[in-house]
Amino acid sequence: MDLYGALRPLLFRLDPETAHNLAFWLGARACAWPRWPEPEHPSALRRSALGLDFPSPLGLAAGLDKGATLLPVWKYLGFGHVEIGTVTPRPQPGNPKPRLFRFPEAGLILNRMGFNSEGAEVVAARLRHRPTGLVVGGNLGKNKETPEAQALDDYRAAYRLIAPEVDYIALNVSSPNTPGLRNLQAPEALKPLLAGMLELRKEMGLERQPLLLKLAPDLAEEDLDAIVDVAVAAGISGLIATNTTLDRSVVDEPLRALVESKGAGGLSGAPLKAKARQVRQRILTALRGRLPLVACGGLGSAQDVQGALEDGAALAQIYSALIFEGPNLVDRIHRGLASNPSSH
Ligand SMILES: Cc1cc2nc3c(=O)[nH]c(=O)nc-3n(C[C@H](O)[C@H](O)[C@H](O)COP(=O)(O)O)c2cc1C
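All values derive from a computational prediction rather than experimental measurement. (Residues numbered from 1 in each chain as written. Predicted model: local features only at pLDDT ≥ 70, side-chain atom pairs only at ≥ 80, totals over all residues. Heavy atoms only, no water.)

**Thoughts on the site of the ligand**
- The immediate surroundings of the ligand are formed by 24 residues, with Ala62, Thr86, Lys214, Gly298 and Ser320 found nearest.
- At 3.0 Å, a backbone N or O of Thr242 approaches an oxygen atom of the ligand.
- Take Gly298: an N or O atom from its main chain is 2.7 Å from an oxygen atom of the ligand.
- When the ligand is considered free in solution it has 610 Å² of accessible area, and contact with the protein chains removes 98% of it.
- By residue class, the composition of the shell around the ligand is eight nonpolar, 14 polar and two charged. (Near = heavy atom within 4 Å. Polar contact = N/O pair within 3.5 Å; in protein donor to acceptor, adjacent residues only side chain to side chain. Areas by Shrake-Rupley, 256 points an atom, 1.4 Å probe, with all protein chains shown as cover. Nonpolar A, V, L, I, M, F, W, Y, C, P; charged D, E, K, R; others polar.)

**Let's talk about the nonpolar core**
- Trp74, Tyr155, Ile162, Leu213, Leu239 and Ile283 are the most contacted members of the largest nonpolar core, which totals 83 residues.
- Per element, the largest residue contribution to this core is six residues, and it comes from helix 6 (residues 187–203).
- Apart from residues no more than four positions distant in its own chain, Ile162 is found in contact with Val87, Ala120, Val123, Ala124, Leu127, Gly138, Leu140 and Ile169.
- Among the nonpolar cores identified, the runner-up in size contains 14 residues, and Ala61, Val135, Val294 and Ala314 belong to it. (Core = buried A, V, L, I, M, F, W, Y, C linked by side-chain atoms within 4.5 Å. Buried < 20%, exposed > 50% of the residue type's maximum accessible area, 1.4 Å probe, protein only. Helix = DSSP H or I, 4+ residues; strand = E, 2+ residues; numbered from the N terminus. Contact = heavy atoms within 4.5 Å.)

**Describing the pattern of salt bridges**
- Per the counting criterion, the structure on display carries 20 salt bridges.
- The closest approach of N and O atoms between Asp311 and Arg277, which form a salt bridge, is 2.7 Å. Of this pair, Asp311 sits in helix 10 (residues 302–311) while Arg277 sits in helix 9 (residues 273–287), and the two are 34 residues apart along the sequence.
- The residue Asp331 makes a salt bridge to Arg335 at a minimum N-O spacing of 2.9 Å. With Asp331 and Arg335 both in helix 12 (residues 328–338) and four residues apart, the pair spans about one turn of that helix.
- A single network of salt bridges, built from pairs that share partners, joins Arg182, Asp218, Asp247 and Lys275. (Salt bridge = Lys/Arg side-chain N within 4 Å of Asp/Glu carboxyl O.)

**Describing the UniProt feature "binding site: substrate" (unreviewed entry) in the protein**
- With numbering matched to this structure, UniProt assigns "binding site: substrate" (unreviewed entry) to Lys66, Asn111, Arg112, Met113, Gly114, Phe115, Asn172, Asn177, Asn243 and Thr244.
- With a relative accessible area of 16%, Lys66 lands in the buried category.
- By the element assignment, Gly114 lies in the loop between strand 6 (108–111) and helix 4 (120–127).
- Among all residues touching Gly114, those that are not within four sequence positions of it are Gln92, Gly94, Asn95 and Asn177. (UniProt positions renumbered as here; feature names shortened; annotations may be inferred.)

**Things to note about the environment of Tyr155**
- Secondary-structure assignment places Tyr155 in helix 5 (residues 151–162).
- Of the residues examined, Tyr155 reaches a relative accessible area of 0% and is grouped as buried.
- When the C-alpha atoms of Tyr155 and Leu193 are compared, they prove to be 8.6 Å apart, with 38 residues separating the residues in sequence.

**Let's talk about the packing of helix 7 (residues 221–234) against helix 9**
- Interaxial distance between helix 7 and helix 9 falls to 9 Å at its minimum, and their mutual angle equals 45°. With respect to their mutual orientation, helix 7 and helix 9 come out oblique. Both helix 7 and helix 9 take part in a crossing whose hand is right-handed. Along its contact with helix 7, which presents Glu221, Leu224, Asp225, Val228 and Val232, the element helix 9 presents Val279, Arg282, Ile283, Ala286 and Leu287.
- The residue inventory of the contact of helix 7 with helix 9, partitioned by class, reads seven nonpolar, no polar and three charged. (Axes fitted to C-alpha atoms, helices over the stretch in contact; angles between N-to-C directions. Parallel < 35°, antiparallel > 145°, perpendicular 65-115°, else oblique. Left-handed = near helix turned anticlockwise from the far one by under 90°.)

**Quick word on the packing of helix 6 against helix 7**
- Between helix 6 and helix 7, the least distance of the axes is 10 Å, while the angle of their chain directions is 25°. Compared by their axis directions, helix 6 and helix 7 come out roughly parallel. For the pair helix 6 and helix 7, the sense of crossing is right-handed. Every residue of helix 7 that contacts helix 6 at Pro187, Leu190, Lys191, Leu194 and Leu198 is listed here: Ala226, Ile227, Val230, Ala231 and Ala234.

**What about the packing of aromatic side chains?**
- Here the structure, examined in full by the defined rule, presents three aromatic pairs.
- Taking the centre distance of 5.9 Å and the plane angle of 45° together, the rings of Phe12 and Phe324 count as tilted. Of this pair, Phe12 sits in helix 1 (residues 3–13) while Phe324 sits in helix 11 (residues 320–325), placing them 312 residues apart in sequence.
- By relative accessible area, which is 18% here, Phe12 ends up buried.
- Under the relative-accessibility criterion, Phe324 is labelled buried at 9%.
- Pairwise contacts between aromatic rings join Phe24, Trp74 and Phe79 into one cluster.
- It is Arg8 that lies over the ring of Phe12; its NZ or CZ is 4.2 Å from the centre. (Phe/Tyr/Trp six-rings, centres within 6.5 Å; stacked < 30°, edge-to-face > 60°. Lys NZ or Arg CZ within 6 Å of the ring centre and 35° of its normal.)

**A word on the sheet that holds strand 12 (residues 293–296)**
- In space, the eight strands of this closed barrel follow the order 3-4-7-8-9-10-12-13, with parallel pairing throughout. Mean inter-strand twist for the sheet, computed between neighbouring axes without regard to direction, equals 25°.
- Pairing geometry for strand 3 (residues 58–60) and strand 13 (residues 315–318), over three bridges, is parallel. Bridged to Leu58 within strand 13 is Ala316.
- Its contacts with the sheet place helix 6 against strand 8 (168–172) and strand 9 (211–215), and it is angled at close to 150° to strand 9. (Pairing = 2+ DSSP bridges.)

So, in structure tokens, the structure goes:
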């Protein structure tokens, strides 16, 4: 049995956030090991996207390594890229606990973390010691107390510190756990936000660094079309779809009642799969190849990832499935992708 297999019963008996902290504590000790072997990727998995070279199309989605503390671990596991964050400009504690709930029988996670972040300065300092050979994205958000009208200032403040240390930036306007954040997806709010960020990117001489936008799965089809038009017209580099959903109908009864009893938050994992795919397919149709899309939401197997790539996504990201299946999932997905001739 692998190490995660041995630890899993303990980790799943603990409160989810305690388990997360324990796993990160162990991971941080492991990072001190000086001789991590280089991961080996079948050459068939290589991808060029966003002007970057990826050893694999599979990445770690934002929210697991918010502070960029375990980059050597993600590299060793074989991820082609890692999206750190969400990082807010100033440190903030996030929402009160409990704020993270697992439902292993359904492969489902409910979270209302609320951007617990050490702040951009601390994370940027850590990124200065990042390992080479791993594509790292920085996912940015605003502080809770910042009014919506001043959101751009927050994204810019975080960008100034994080962008010089990473390979791409993702603007997170889609987490459901910061009041008002999702309103920034409305075209009239999005236009000045994207324009302001692209202006800063130019000012900093980072024109070649990809700037992506991460979207929620809870947008109406017409809104998705309008957002795609705004993103293309603004000249950003790509979209990530999707974040977690507020829609409880993705969970069947009797589990739905239990999930509802835990209160507010976004749902991720297997129950999000169909909804996220539908949203992505709509976005891909609206995009007509004008920008690349990163698939995220409910992906948990080589077949899921293959499906997302065949739909037209350039890259894919996972989070929840990794928690339930353990680190070997990365290798299993890679083997499945490499053995599928249509992915070559
Ligand atoms: C506990 C938890 C925390 C998350 N935090 C963030 C975050 O800080 N920023 C973000 O953009 N997405 C965050 N996400 C969303 C994931 O990046 C991803 O979009 C979502 O979970 C769907 O993918 P999955 O079904 O593979 O988990 C979080 C997800 C979970 C489960």
